[in-house]
Amino acid sequence: MNIWRYILVISLFWVGISLFSQKAVAQGVEIEILRDIEYAKPSGVSLKLDLCRPKGLSAPRPGMVLTHGGGFRTDDKKALLDECQELAKLGYVAATVNYRFAPTYPYPAQIDDVQYAVRWLRSRAATYKIDPNNMGSLGGSAGGYLATMLGVRDTRDPSLGLNTYSSKVKVVIDRFGAPMDATDSTIIDPNGPYFELQEEIINDYLRGYAITPQLLAEISPVTYASSGDAPLLAVHSVNDQLAPIAYSQKLGAALTSAGVLANLETFQGGGNAPGRPG
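Everything numeric in this text was worked out from a predicted model, so none of it was measured.

Asks: I'd like to hear about the pairing of strand 5 (residues 130-140), residue by residue, with values.
Replies: Summarising burial for strand 5: nine of the 11 residues are buried, a large majority. Relative to strand 5, strand 3 (residues 61-67) runs parallel, the two sharing seven bridges. Across the sheet, the residue bridging to Thr67 is Gly139, located in strand 5. In this view, the connection linking strand 5 to its parallel neighbour strand 6 (residues 171-175) by way of helix 5 (residues 142-152) has right-handed handedness.

Asks: Outline the state of the cysteines, supporting the account with residue identities and numerical values.
Replies: Note on terminology: a disulfide is the covalent bond linking the sulfur atoms of two cysteines. Under the definition given, this model contains one disulfide. Covalent S-S linkage joins Cys52 and Cys84, the inter-sulfur distance amounting to 2.3 Å. The sign of the S-S torsion, about 115 degrees, decides the handedness of the disulfide formed by Cys52 and Cys84: right-handed. Of this pair, Cys52 sits in strand 2 (residues 47-54) while Cys84 is found in helix 2 (residues 81-89), placing the two residues 32 residues apart along the sequence. Classification of Cys84 as buried rests on a relative accessible area of 0%.

Asks: Help me get a handle on the nonpolar core, residues and values and all.
Replies: Grouped together as the largest cluster of nonpolar side chains are 57 residues, with contacts concentrated most on Tyr39, Leu49, Leu121, Tyr145, Tyr205 and Ile219. Sequence-distant contacts of Ile219, that is, excluding residues within four places in its chain, are made with Tyr107, Tyr145, Met149, Pro179, Ala182, Ile202, Tyr205 and Leu206. One finds Leu87, Leu138, Ile173 and Phe267 within the second-largest nonpolar core, a separate group that totals 17 residues.

Asks: Which residues make up the sheet that holds strand 2, and what values go with them?
Replies: Ordered in space as 1-2-4-3-5-6-7-8, the eight strands form an open sheet in which the pairing is mixed. If you trace the sheet from one side to the other, it starts and ends with strand 1 (31-40) and strand 8 (262-267), each paired once. Averaged over all pairs of adjacent strands, the angle between strand axes in this sheet comes to 20 degrees, irrespective of strand direction. Taken together, the seven bridges between strand 1 and strand 2 define a ladder with antiparallel strand orientation.

Cut-off values and rules
- Residues numbered from 1 in each chain as written.
- Predicted model: local features only at pLDDT ≥ 70, side-chain atom pairs only at ≥ 80, totals over all residues.
- Heavy atoms only, no water.
- Buried < 20%, exposed > 50% of the residue type's maximum accessible area, 1.4 Å probe, protein only.
- Helix = DSSP H or I, 4+ residues; strand = E, 2+ residues; numbered from the N terminus.
- Pairing = 2+ DSSP bridges.
- Right-handed = clockwise from strand over helix to strand, strands pointing away.
- Disulfide = S-S within 2.5 Å.
- Core = buried A, V, L, I, M, F, W, Y, C linked by side-chain atoms within 4.5 Å.
- Contact = heavy atoms within 4.5 Å.
- Axes fitted to C-alpha atoms, helices over the stretch in contact; angles between N-to-C directions.

Taken by themselves, the reported measurements are silent on function.
Here it is in structure tokens:
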């Protein structure tokens, strides 16, 4: 089986056995895609999502928010359109979302944007037939980091709007996300093949900031691990040199210590590298 298809199958299986109380409808259901729906316009930037759902819904279904990768600097919501459609075929209402890019818009823009997307979807739950109490997230690479933040951190800045709605989800699928613990400098190998790229990504993400231990802790999902967090499935290649598996291991350990269900599914080969889907 192609490794990326394998990851998708594992991810969808986890969603299917998650704490979502509603059973998915039979596979093969006809779906519809609502494209380029604007959900926010921060700093004049139009942020859009594509929404996939079964046709003819008569009752709300669990929702999934999909966050693409690209090192916080590139790519597009269409990178996860396949997953969006597969989730819809399983009976979910899924939305793959765009967010602002670093370095033009550094941290915390990306977190604020995807959190707002969750709140926006909850505010329009009746329109799109989403169960606002059963929402999850899925993402890979930088998108895995953002998906995880949706499971461990509620609204960072309530002043951005829709603050009567929560930004937290109830289950997270993280595919080789990074950086889960930016405070641990031992995770990144200074002699590794992607060291310069790793440094470039984090510097762009934090453009304009003095990089301090406090800031690195603030951007790290492990910092927020607590008993009320979403169960997590992390999928990670043991060979990943761009986003080392230690990130998923540390995240899983932090959540487990907090009493949260966290599983790590590993595989050989593949991994997160330039040109890979995220």
